[in-house]
Amino acid sequence: MKIKDNYVFLAYGDSITKGIIYDDEKSKYAILKENFTSIIENKIKGPVYNAGKFGSTIIRGARKMYNDVIKKSPDIVLIEFGGNDCDYNWNDIAKNPDMEYKPNTDIITFRETLLAMIDTLKSNHILPVLMTLPPLDPLKYFKWISKEDNTNEMNILHWLGTKETLFNWHNSYSKTITQVAIETNTVLIDVRSEFLKYNNYSKFLCRDGIHPNIEGQSLIANTILNFIKENYNFLLQK
């Protein structure tokens, strides 16, 4: 990467990138102003565009890539998808747990779409940076998707087998991101490992067990900034 005075950084992903948290007081989702992109922007040379979308999957991201990413001519793009891709329609499962269900994006399509995204960015002379997924808390998340309803809980658990399946399935998408980074020699920031250094990593997550809270967003920002400091120090303001 060329050394210059200014760099355009763009974060592309879902609600974690957007900075969505669950506001307990208002009992609804809200945008956190001090999200990881806004924290980073104060430290690096140049603007940081936040192109995160609530509920976005990697397929939607790939479709909108030209308008949301390429048109802005960024130097660096951080890619963060997977949380919605691995998700299921839990309402349907709660109603009828004996059917077969597919995730929003199956893991093979997820992998192929991520490979295509990386290829598009590199061919446009943009540096792609991948990010592993912050872990979910299976107990909190199970409560969330079953809406603390006994029948829903029973049916979803019948379909899942164990609550730990939620953690492992989500983790399989994060592992795919790591494998793709190694295969394509793409920069990877391992946010997940930083969360898992804490036995009580759930303290970094909202009540829904999947969205990082204000402390979680700060942990993501610090992980990214430490990575930049160690590997791309010239991107930081003096």
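The structure we're discussing is the one just above.
Residues numbered from 1 in each chain as written. Predicted model: local features only at pLDDT ≥ 70, side-chain atom pairs only at ≥ 80, totals over all residues. Heavy atoms only, no water.

## Here's the deal with the environment of Phe9
Looking at the secondary structure, you find Phe9 in strand S1 (residues 9-13). For the pair Phe9 and Ile76, spaced 67 residues apart in sequence, the C-alpha separation works out to 4.9 Å. Residue contacts for Phe9: discarding those within four places in its chain leaves Ile44, Pro47, Val48, Tyr49, Ile76 and Leu78. (Helix = DSSP H or I, 4+ residues; strand = E, 2+ residues; numbered from the N terminus. Contact = heavy atoms within 4.5 Å.)

## Some points on unusual backbone geometry
The backbone phi angle of Ser27 is positive, close to 50°, even though this residue is not glycine. In this fold, Ser27 is placed in the loop between strand S2 (20-23) and strand S3 (28-31). Note on Ser27: relative accessible area 47%, which makes it partly exposed. Phi at Lys147 takes a positive value of approximately 55°, unusual for a residue other than glycine. By the secondary structure assignment, Lys147 is in the loop between helix H7 (138-145) and helix H8 (150-160). (Buried < 20%, exposed > 50% of the residue type's maximum accessible area, 1.4 Å probe, protein only.)

## A closer look at the sheet that holds S1
Judged by pairing direction, the sheet is parallel, and its 5 strands sit side by side in the order S4-S1-S5-S6-S7 without closing on themselves. Looking at the sheet topology across the chains shown, the edges are occupied by strand S4 (48-50) and strand S7 (187-189). Sheet twist, expressed as the average angle between the axes of neighbouring strands with direction ignored, equals 25°. Against the sheet, helix H9 (residues 164-184) makes contact with strand S6 (127-131) and S7, and its axis sits at roughly 150° relative to S6, the strand it touches most. Docked against the sheet, helix H11 (residues 214-231) engages strand S5 (76-80), S6 and S7, running at close to 140° with respect to S7. (Pairing = 2+ DSSP bridges. Axes fitted to C-alpha atoms, helices over the stretch in contact; angles between N-to-C directions.)

## Looking at the packing of aromatic side chains
This model, assessed by the stated rule, comprises 17 aromatic pairs. Both rings, one in Tyr198 and one in Phe204, keep their centres 4.9 Å apart while their planes meet at 70°; by these two values the pair is edge-to-face. By relative accessible area, which is 33% here, Tyr198 ends up partly exposed. By relative accessible area, Phe204 is classed as buried at 9%. Taking the centre distance of 6.4 Å and the plane angle of 35° together, the rings of Phe227 and Tyr232 count as tilted. (Phe/Tyr/Trp six-rings, centres within 6.5 Å; stacked < 30°, edge-to-face > 60°.)

## Some thoughts on the layout of surface pockets
Empty space within the largest pocket amounts to approximately 280 Å³. Surrounding the largest pocket, 17 residues form its lining, Asn84, Asp87, Tyr141, Ile210 and His211 being those nearest its centre. Listed by contribution, the elements that provide at least two residues to the lining of the largest pocket are helix H1 (15-18) and H7. Element by element, the count of residues in the lining of the largest pocket is highest for H7, at 3 residues. Looking at side-chain class alone, the lining of the largest pocket contains 8 nonpolar, 5 polar and 4 charged residues. In this model, the second largest pocket occupies a volume close to 180 Å³. Looking at the second largest pocket, the residues that line it are Met1, Lys2, Lys4, Tyr7, Asp75, His125, Ile126 and Leu127. For the lining of the second largest pocket, the class distribution of residues is 4 nonpolar, 1 polar and 3 charged. (1 Å grid on protein atoms, 1.4 Å probe; cavity = no way out; pocket = protein on both sides within 12 Å on 5 of 7 lines; lining within 4 Å. Points joined across faces, edges and corners; volume = space filled by probe spheres on them. Nonpolar A, V, L, I, M, F, W, Y, C, P; charged D, E, K, R; others polar.)

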